[in-house]
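Each chain, written out:
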Amino acid sequence: MSMFSKSHLLLVIIIFLIFPFVCSGQGAVIRENFRGEKLKVYPDGRIEYFNGDPYEPTEEDGLITYPVFQGYIEPLDGEVSVNEVDLYKIAQRRSQLSSTAAELAQQRLTQAQENLQRLQDSYNATSGDEARRGILQKQIAAARRTLEQSQVQLNESQRAAQQDDQLVKKGGFIESFNQRVRENRLREANSQRIRSVSNQSYAQLIPLTNNTAASSFEDLMLRPPRRECRYAFDGQDAETGRYRRDLQPELLFSYTDERLRPYLQDKEYLVCEAYISSAGGFRYLTLNFTFAYPNAQEAYGFIDQNSVLTIKLLNGDVLNLRSGKMDRGQYNTVKKELTYSVYYPIDRSYIGLLKTSEVDLLRVFWSSGFEEYPIHQMDFFQRQFQCLGD
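A brief look at the structure comes next. Here the residue numbering is sequential within each chain, running from 1 through the sequence in written order. Thresholds applied to this predicted model are a pLDDT of at least 70 for local features of residues and 80 or more for the giving and counting of side-chain atom pairs; totals over whole chains, interfaces and linings are not thresholded and use all residues. The side-chain quantities take in all heavy atoms of the structure and omit both hydrogens and water.

**Here we look at the overall build of the chain**
Each helix is a run of DSSP H or I of at least 4 residues and each strand a run of E of at least 2, with the numbering of both proceeding from the N terminus. Scanning the chain from N- to C-terminus turns up eight helices and 17 strands. Each of the 390 residues in the chain was classed as buried or not, and the buried ones make up 37%. Two residues qualify as a contact provided that any one of their heavy atoms is within 4.5 Å of a heavy atom in the partner residue. Sequence-distant contacts, at least 24 apart, represent 58% of the contacts inside the chain between residues at least 6 apart. Values of accessible area rely on a 1.4 Å probe in the Shrake-Rupley scheme; residue burial ignores everything except the protein chains shown. Roughly 23,700 Å² of accessible area belongs to the chain as shown, and the carbon and sulfur atoms make up 51% of that amount. The rule is simple: take the accessible area with a 1.4 Å probe, protein chains only, and divide by the maximum for that residue type; under 20% is buried, over 50% is exposed, in between is partly exposed.

**Here's the deal with the side chain of Ser98**
Here Ser98 shows up in helix α2 (residues 84-125). Overall, Ser98 belongs to the buried group, its relative accessible area being 1%. In contact with Ser98, not counting residues within four places along its chain, are Ser157, Ala160, Ala161, Asp164 and Arg259.

**Section: the pairing of strand β8 (residues 243-247)**
Walk down a regular strand and you will see the side chains alternate between the two sheet faces. As judged from the five bridges shared by strand β7 (residues 231-236) and β8, these two strands associate in the antiparallel manner. Directly across from Gln236, in β8, lies its bridge partner Tyr243. Hairpin geometry of β7 and β8 is characterised by an intervening segment of six residues between the two adjacent antiparallel strands and by a positive phi of about 80 degrees at Gly241. Pairing between two strands requires that DSSP report at least two bridges joining them. As judged from the three bridges shared by β8 and strand β10 (residues 270-279), these two strands associate in the antiparallel manner. Looking at β10, one finds that Arg244 is bridged to Ala279.

**Some thoughts on the environment of Asn115**
Take Asn115: it is sitting in helix α2. Asn115 sits in the partly exposed class, given a relative accessible area of 29%. In sequence terms Asn115 and Leu147 are 32 residues apart; their C-alpha atoms lie 9.1 Å from each other.

**Quick word on the nonpolar core**
Among buried residues, the Ala, Val, Leu, Ile, Met, Phe, Trp, Tyr and Cys ones that are joined through side-chain atoms within 4.5 Å form a nonpolar core. Membership of the largest hydrophobic core comes to 58 residues, with the highest contact counts inside it found for Tyr269, Leu285, Leu287, Phe289 and Phe291. Sort the elements by how many residues they give to this core and α2 lands first, with nine residues. Contacts of Tyr269, omitting those with residues within four sequence positions, involve Leu97, Tyr255, Thr256, Leu260, Leu264, Thr290, Phe291, Ala292, Tyr293, Ala296 and Tyr300. The next biggest cluster of nonpolar side chains, apart from the first, holds six residues, and it includes Val82, Val308, Phe365 and Phe370.

**Thoughts on the pattern of salt bridges**
Criterion for a salt bridge: a side-chain nitrogen of Lys or Arg within 4 Å of a carboxyl oxygen of Asp or Glu. Applying the stated rule across the entire model yields nine salt bridges. Measuring nitrogen to oxygen at the nearest pair gives 2.6 Å for the salt bridge that ties Asp237 to Arg244. Residue Glu372 is joined to Arg363 by a salt bridge in which the shortest nitrogen-to-oxygen separation is 2.8 Å. On the basis of relative accessibility, which here comes to 26%, the residue Glu372 falls in the partly exposed class. Residue class for Arg363 comes out buried when judged on its relative accessible area of 3%.

**So, the packing of aromatic side chains**
Only rings of Phe, Tyr and Trp enter the pairing, Trp through its six-membered ring, and a pair is recorded when the two centres are within 6.5 Å. The plane angle decides the type: under 30 degrees is stacked, over 60 is edge-to-face, the rest tilted. Under the criterion given, the structure shown has 13 aromatic pairs. Both rings, one in Tyr269 and one in Phe291, keep their centres 5.5 Å apart while their planes meet at 75 degrees; by these two values the pair is edge-to-face. With Tyr269 in the loop between β9 (250-255) and β10 and Phe291 in strand β11 (residues 282-291), the pair connects residues that are 22 residues apart, well separated along the chain. Taken as a pair, Tyr269 and Phe291 share a single burial class, namely buried.

**A closer look at the side chain of Asp327**
Positionally, Asp327 belongs in the loop between β13 (318-322) and β14 (330-332). One polar contact links the side chain of Asp327 to the main-chain amide nitrogen of Gly329, over a distance of 2.7 Å. We define a polar contact as two N or O atoms separated by no more than 3.5 Å, with the added condition that, inside protein, one atom must be a possible hydrogen donor and the other a possible acceptor, whereas residues neighbouring each other in sequence contribute only through side-chain atom pairs. At 3.0 Å, the side chain of Asp327 forms a polar contact with the backbone nitrogen of Ser341. Discounting residues that sit within four places of it in the chain, Asp327 has contacts with Phe302, Ile303, Thr339, Tyr340, Ser341 and Val342.

**Side note on the environment of Pro374**
Along the chain, the position of Pro374 falls in strand β17 (residues 369-374). The class of Pro374 is exposed, set by a relative accessible area of 55%. A C-alpha to C-alpha distance of 8.5 Å links Pro374 and Tyr255, two positions 119 residues apart in sequence.

**Some details on the packing of helix α7 (residues 348-356) against helix α8 (residues 380-388)**
Convention adopted: a line fitted to C-alpha atoms gives each axis, helices being fitted over their contacting stretch, and angles between N-to-C directions are expressed from 0 to 180 degrees. Closest axis-to-axis distance for the α7/α8 pair is 6 Å, and the angle between their directions is 110 degrees. Considering the angle they form, α7 stands roughly perpendicular to α8. α8 is crossed by α7, and the crossing has left-handed handedness. Judged by residue contacts, Ile351, Leu354, Lys355 and Thr356 of α7 engage Phe381, Gln382 and Phe385 from α8. Residue composition of the contact of α7 with α8, grouped by class: four nonpolar, two polar and one charged. Between 65 and 115 degrees an angle is taken as roughly perpendicular, under 35 as roughly parallel, over 145 as roughly antiparallel, and anywhere else as oblique. Left-handed describes a crossing in which the near helix is turned anticlockwise from the far one by less than a right angle; the clockwise case is right-handed. Basically, the charged four are Asp, Glu, Lys and Arg, the nonpolar ten are Ala, Val, Leu, Ile, Met, Phe, Trp, Tyr, Cys and Pro, and anything else, Gly included, counts as polar.

**Some details on the sheet that holds strand β16 (residues 359-366)**
Pairing within the open sheet is antiparallel, and its four strands lie in the order β13-β12-β16-β17. Edge positions in the open sheet fall to β13 and β17, since each of these has one partner strand only. Here the average twist between neighbouring strands, direction ignored, is 20 degrees. Pairing of strand β12 (residues 308-313) with β13, which is carried by five bridges, proceeds in the antiparallel orientation. What sits directly across from Lys312, in β13, is Val318.

Right, here's the structure in full:
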């Protein structure tokens, strides 16, 4: 065999090792690279990223075709890049949440139907007691209204689930993402203008008049009292033997997808508590995520080791931390809650900014793609670092 033939054979073997075979049609085939990204490979060697499901191809004129992304993705701030595979995962998660909302709506409708039937049976079985029959009539009327509302909610949730499912299958989630990014930037620009005004002193905004008297009482809105520092642990670490301090976890944010809110009553779909630790001269941020619905694991997946956590400050600065471990989530059968606990080492160069700046939002990267959460406790880092004595 000639040298050219051997080299050619070796090249073919390498290509098939790097791009394992997934499925094929006439012309191009779908393969995966070592990062798990799906690619469309043509016979002439051209490669395009694939954004659809290889197991649900479309057929036109006898040829199997696949949706392929060709376009522009709005970049995220914080020097974190996303590609169409990331956005495809996010679209899949949204579709999963929509399906969950439709399932909950169906359950609510079934309960409303059963409740109405029970009341009607009670009314039919009641005779001679007009007062009782009058009460049951009012209850039946209320149950019918509940049934009608439940039917409307079911129709809306099923329609939303179908739209999100079609968005995944037919594409379009790229432009949907781009639109959300542009809208967020517009909102941020408007809020930045508002903050630039609010940062001015009151003397500049509202001139004092002659009949304004100085007060001996401090304005608690401007100068709230300092919270008491509470420690969950303060002593020698059992594993490392080093001195360690863990502050008490506190609520950082809560989040409920609007499609699920009508079915969770007063509960939040996701609650995140956080605290900062000091150990051996290093600082760590720990996030405890608690989902009120067990199917969240199907929608969100896991948090991988070294995955990014983006912290966006009110002043516009963006900081990126990386998780120190993987967490696939644990389900508590008693509380019926799904929990994740992940720690993020804090780079020393970030501490000065976090001590003096308020935080606006967190961007958490799940295995199903990232999600952004507005922060409730904007002075969280300032207070916790102050308690650690840094």
